[in-house]
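The chain contents come next:
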Amino acid sequence: MKKSDFHYDLPPKLIAQAPLPERSASRLLIVPPGDAPLADLHVRDLPEQLRAGDLLVFNDTRVIPARLFGQKDTGGRVEILIERLLPDNRAHAQIGASKSPKPGGRIALDAGGQCEVLGREGEFYELRFEVGDALDSWLLKAGRMPLPPYITREPGQDDDERYQTVFARELGAVAAPTAGLHFDEALLARLKAQGVQFGHITLHVGAGTFQAMRVEDVREHRMHSEWLNVGAELVQQIRRTRAAGGRVIAVGTTVVRALESATREGQLQPFAGETRIFIFPGYRITSVDALITNFHLPESTLLMLVSAFAGKARILQAYRHAVAQGYRFFSYGDAMLLFPQAQEASA
């Protein structure tokens, strides 16, 4: 299986550069199983697609204002994107600079304070911050929202709210779980009144989610590591939902990755820890019955995940439809509601 098998043509004008004024006003492409026709709706129409007893599972991670700027002690300018917070005011981070900083080098931060380069592993540096406060608290005041690289404008004050879900609570991600961005309080209230249940996992999305696959053979790719927590309460919620005939619907690919990582010998179990799970066609997803997701980059691991769930041919058909109909793509773009399809023979 090749990376190029997951290519599609996307006009740059369809990459959403800003959110719509209303979260639930985004379009929603319904992709039913089999050969049933696709349907063009809006996220606010979601209650008509669900029924009492269904369980929506959200990712409650909260995005860190993880983007910083500074100057090396040798004089060069740097941009820092924190990838993960560590104990003792340390962090793993990517550093953009004309010349890579060396261990022991120091960076004066534009927002005040400084950090020391402790070492490097691959493309991530380990930094220790001297900022006069706990690093997570300091970043909330000093950091900038780390919008994805395909959003070409600078972040504004609106992004501080709109690049977070309304249910974000566990600080630790450097990218939003974007399917959840479509839900506002009014839509959640309508769903709750209808008898739809809510559950949560935590998966802290890392900067690696934007890394391009560098190998052509899909099986040679190694995923970045991300921390997740699937709690015992959610496990029981899912078991009760299934036992009563309800459906488990993941809001975002991060939820699928978390639940599949927590599945052992066919059974969902409580789990907290790291995952490098890589889901692509040939892998059978058993933890969810439907998936709400945004549109993903060509040749990306997330496009491969949704292809494993709904079938590669079906997904690429839906993407061609979305392009033809002028859907908005990626983080601030529109969404799909996917249902599983029989696994394709060609893995």
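Since this is a predicted model, take the numbers as computed values, not measurements.

Chemist: Residues and numbers for empty space enclosed by the protein, please.
Modeler: This structure, assessed with the given rule, holds three cavities of 30 Å³ or more. One number sums up the size of the largest cavity: a volume of about 90 Å³. Lining the largest cavity are 13 residues; nearest its centre among them are Pro 19, Ser 26, Arg 162, Leu 181 and His 182. Residues that form the lining of the largest cavity fall into these classes: four nonpolar, six polar and three charged.

Chemist: An account of the sheet that holds strand 3 (residues 55-59) is needed here, citing residue identities and associated values.
Modeler: The nine strands lie next to each other as 2-1-19-18-14-3-12-13-17, forming an open sheet whose pairing is mixed. The open sheet has two free edges, formed respectively by strand 2 (39-42) and strand 17 (271-275), since each of these has just one partner strand. On average, each strand axis in the sheet is tilted by 25° relative to the strand beside it, whichever way the strands run. Pairing of strand 3 with strand 12 (residues 197-203), which is carried by five bridges, proceeds in the parallel orientation. Within the sheet, the bridge partner assigned to Leu 56 lies in strand 12 and is Phe 198. This element, helix 6 (residues 301-310), spans strand 18 (290-294) and strand 19 (335-338) of the sheet and lies at about 155° to strand 18.

Chemist: Requested: an account of the pairing of strand 5 (residues 67-72), with residues and values cited.
Modeler: As paired elements, strand 5 and strand 6 (residues 77-86) share five bridges and run antiparallel to each other. In the sheet register, Gly 70 faces strand 6, and the bridge partner there is Val 78. With antiparallel pairing between neighbouring strands as the criterion, strand 5 and strand 6 make up a hairpin whose turn holds four residues, including Gly 75 at a positive phi of roughly 110°. Examined bridge by bridge, strand 5 and strand 8 (residues 106-109) share three bridges and lie antiparallel to one another. Counterpart to Gln 71 in the pairing with strand 8 is Ala 108.

Chemist: Give me the nonpolar core: which residues, what numbers.
Modeler: Among the nonpolar cores identified, the biggest contains 65 residues, and Leu 29, Tyr 163, Ile 201, Val 230, Leu 259 and Phe 329 are the most heavily contacted of them. The element contributing the most residues to this core is helix 6, with seven residues. In contact with Val 230, other than residues within four places in its own chain, are Ile 201, Val 235, Ala 258, Leu 259, Ala 262, Leu 268, Gln 269, Pro 270 and Phe 271. If you look at the next biggest cluster of nonpolar residues, it comprises 22 residues, including Val 78, Ile 95, Val 174 and Ala 207.

Reading guide: rules and limits
Residues numbered from 1 in each chain as written. Predicted model: local features only at pLDDT ≥ 70, side-chain atom pairs only at ≥ 80, totals over all residues. Heavy atoms only, no water. 1 Å grid on protein atoms, 1.4 Å probe; cavity = no way out; pocket = protein on both sides within 12 Å on 5 of 7 lines; lining within 4 Å. Points joined across faces, edges and corners; volume = space filled by probe spheres on them. Nonpolar A, V, L, I, M, F, W, Y, C, P; charged D, E, K, R; others polar. Pairing = 2+ DSSP bridges. Helix = DSSP H or I, 4+ residues; strand = E, 2+ residues; numbered from the N terminus. Axes fitted to C-alpha atoms, helices over the stretch in contact; angles between N-to-C directions. Contact = heavy atoms within 4.5 Å. Core = buried A, V, L, I, M, F, W, Y, C linked by side-chain atoms within 4.5 Å. Buried < 20%, exposed > 50% of the residue type's maximum accessible area, 1.4 Å probe, protein only.

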